[in-house]
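# Observations on the three-dimensional arrangement
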Amino acid sequence: MNQVQSSLQQLDAVVVGAGFAGLYQLHTLREQGLSVRAFEAGSGVGGTWYWNRYPGARVDSQSYIYQYWFSDDLLKEWNWSERFPAREETERYLNFVADKFDLREDIQFNTRVTAATYDESTQRWTVTTDKGESFSAQFLVMGTGGLSTPMVPPFPGHDTFKGLTLHTAHWPKEGVDLKGKRVGVIGTGATGVQVIQTIADQVKHLTVFQRTANYTIPMLNPKYDDAMRASLRAQYPALKERVQNTFAGFDYDFGDKNFHDLTPEERQRTMQTLWDDGSLNFWIGGFKEVFFDEAINEEISKFVRQRIRERIKDPKVADKLVPTDHGFGTRRVPLETLYYEAFNRDNVLLVDTKATPIERMTEKGIQTSAGEHELDILIFATGFDAGTGTLTRIDIRGRDGLLLKDAWADGIRTTMGLQVHGYPNMFMTMAPFSPAAAFCNVPTCLQQQVDWITDCIQFVRSQGLKSIEATAEAEAKWVAHHDELANLTLIPKTKSWYMGTNVKGKPPRLLAYVGGANVYRQACDDVKARGYEGFTTA
Ligand code: NAP
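Thresholds, definitions, all that
- Residues numbered from 1 in each chain as written.
- Predicted model: local features only at pLDDT ≥ 70, side-chain atom pairs only at ≥ 80, totals over all residues.
- Heavy atoms only, no water.
- Near = heavy atom within 4 Å.
- Polar contact = N/O pair within 3.5 Å; in protein donor to acceptor, adjacent residues only side chain to side chain.
- Areas by Shrake-Rupley, 256 points an atom, 1.4 Å probe, with all protein chains shown as cover.
- Helix = DSSP H or I, 4+ residues; strand = E, 2+ residues; numbered from the N terminus.
- Nonpolar A, V, L, I, M, F, W, Y, C, P; charged D, E, K, R; others polar.
- Expected span 1.5 Å × (residues − 1).
- Buried < 20%, exposed > 50% of the residue type's maximum accessible area, 1.4 Å probe, protein only.
- Arc of directions from axis to C-beta.
- Contact = heavy atoms within 4.5 Å.
- Pairing = 2+ DSSP bridges.
- Axes fitted to C-alpha atoms, helices over the stretch in contact; angles between N-to-C directions.
- Disulfide = S-S within 2.5 Å.
- Parallel < 35°, antiparallel > 145°, perpendicular 65-115°, else oblique.
- Left-handed = near helix turned anticlockwise from the far one by under 90°.
- Core = buried A, V, L, I, M, F, W, Y, C linked by side-chain atoms within 4.5 Å.

In the region of the ligand, 23 residues are neighbours, and Arg58, Thr191, Thr212, Arg331 and Trp497 sit closest. In this structure, an oxygen atom belonging to the ligand sits 3.2 Å away from a side-chain N or O atom of Arg332. Take Ala381: an N or O atom from its main chain is 3.3 Å from an oxygen atom of the ligand. When the ligand sits alone it has 900 Å² of accessible area, and the protein chains cover 85% of it. With three residues, helix H6 (residues 190-199) is the single largest residue contributor to the shell around the ligand. Taken together, the residues of the shell around the ligand break down into ten nonpolar, eight polar and five charged.

Structural data, given as structure tokens:
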């Protein structure tokens, strides 16, 4: 160990982030007897569920599969109150987990990791924080989330606006009083939908700036009583198994029937049944052809367009809210509750920013090509620099000092989203080219990735080795496989954060692996079973 390294606090592993992945990673590595410290920029645990405090934030996965499986006690003790819990409940759950497993003692809060540098001579990482501290660790695990770097469009005149501006992912802890205010919301993705439907009847006036209309599915969200909880609890062992063996890590999966095998009436009936489930089942539990076949996708899209249109009073407003420029499911489908009814209200105005683009922000509000909209509060529900955004904003330097941002400048490359060649002993969760990056019930895929990383670290240590690194060949093979599958789908034809097209200058590339969470898990298991094939150790 060189002098600089030996003067630093020595750890076996550093975990960055205390969300779903970070908490579990901290727990599993500690269970193995490693000295671990987690760093978290927020003042509490929860990641996404800590930061995104906007009104109406709620999970789109059913609570009974949006949880950890590793502890029977935890599964017995925690009681979900409804099918799709609000943000506060999921945050409470993650706090409960942190307390139950005494995780806080090894989490340094209010601390952002700013840099991580690999030292080839010691085969260790030096991790630096915004508090000016540095640590030396053999292993580095990034639990930094896929949607954790918020994006605010650089409208001219931003600073001239005299009202309050907020991004949904940086919502103040103390809340914001919207009553009696003229509020604007920019963005109608999963976040914007939840904000709009929640605040429409609270504010004096709501102006929604929509660039692209989205397909949505109405959420069915029953409350759970003890009997329901007991019934679900009895299914937990089967559900734990089930979610690992489906395309998207949910309990539902694509049906066996092909769209073309059904009569038009049978198709309608099947779609209606899936629709009535009030979940993402309609999307990733229905027909897999929705992702591959343009004609079938159009039939399914038509069904959804009709469901949307019939709820909107004004046909001109309906024309704007019904998506026509992309196929259903080629971007994230939000669940909604009375979203379209919000636009039937007299105090809600929909502004189509494709027809009348936003030109600038003014002292009083937003200036579009058609005029000025006066606002007291402007909410940016404008999304994130997904997948790569957070990782490339940390000064991560691998072998030969190569900055990760530069390594990805000519194109993202990862080995199964778990490692990058040139960055030994660094592991990632929810990173590009894994299903966790977008096409997964996130806890299913994060637990699978954390388990794989834990086993891999255990392997390195048990063999008396110091490092493990994906080979360039294995990486190239995975990237080619990822791209091949991506290009078989309709997803690259649609602009969205899935493709990185929401970030100026980001080369379009499907971020998430579309081969299926089940197929991906098997591929990861195979790598392990073959003694970490495609990785070199030293
Ligand atoms: P998003 O899906 O990227 O949506 C951002 C919205 O902002 C889009 O409507 C986008 O329009 C709009 N926008 C961005 N820049 C704009 C500009 N310059 N002018 C006008 N409009 C602009 O982000 P998000 O809604 O925060 O959701 C991100 C992801 O987080 C979701 O897809 C989901 O995976 C996750 N999420 C999950 C939940 C849940 O589980 N319930 C809730 C919220 C978020 P365009 O579409 O035209 O680009």
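Continuing now.
Attention now moves to helix H17 (residues 517-529). Across its 13 residues, H17 extends 18 Å between first and last C-alpha, which sits within 8% of the 18 Å expected from 1.5 Å per residue. Those residues of H17 lying buried are Ala517, Tyr520, Arg521, Cys524 and Val527. The buried residues of H17 occupy one face: seen down the axis, they fall within an arc of 120°. Packed against the buried residues of H17 are helix H15 (442-462), helix H16 (472-488) and strand S20 (535-537). Gly531 sits one or two residues past H17 and shows a positive phi near 70°.

Within the open sheet, the five strands sit side by side as S7-S16-S8-S9-S12. Their pairing is parallel. With one partner strand each, in any of the chains shown, strand S7 (164-167) and strand S12 (348-352) form the two edges of the open sheet. Put simply, the sheet's adjacent strands are angled 20° from each other on average, direction ignored. Lying on the sheet, H6 is in contact with strand S8 (182-186), strand S9 (205-210) and strand S16 (377-380); it crosses S8 at an angle near 160°.

On to the state of the cysteines. For the structure shown, the criterion picks out one disulfide. Across the disulfide, Cys440 is cross-linked to Cys445 (sulfur-sulfur distance 2.0 Å). Its S-S torsion of about 85° marks the bond between Cys440 and Cys445 as right-handed, since a negative value means left-handed. Between Cys456, a free cysteine, and Cys524, which holds the nearest cysteine sulfur, the sulfur-to-sulfur gap is 11 Å. Cys524 takes part in no disulfide bond, and the closest cysteine sulfur to it belongs to Cys445, at a distance of 9.5 Å. With a relative accessible area of 0%, Cys524 lands in the buried category.

Further remarks concern the packing of helix H8 (residues 264-276) against helix H10 (residues 294-309). Packing of H8 against H10 leaves a shortest axis separation of 11 Å and a crossing angle of 55°. Considering the angle they form, H8 stands oblique to H10. Note that H8 runs across H10; the crossing there is right-handed. Contacts between H8 and H10 involve Arg267, Gln268, Met271, Gln272 and Trp275 from the former and Glu299, Ile300, Phe303, Val304 and Arg307 from the latter. Taken together, the residues of the contact of H8 with H10 sort by class into five nonpolar, two polar and three charged.

With that out of the way, let us pick up the nonpolar core. With 159 residues, the main nonpolar core has Leu206, Phe282, Ile284, Phe328 and Trp452 as its most contacted residues. The element contributing the most residues to this core is H15, with eight residues. Sequence-distant contacts of Phe328, defined by excluding residues within four places in its chain, comprise Tyr215, Ile217, Phe282, Trp283, Val290, Asn297, Ile300, Ser301, Val304 and Val333. Core analysis: the next-biggest nonpolar cluster, separate from the first, contains eleven residues, Val351, Ile358, Ile366 and Leu378 among them.

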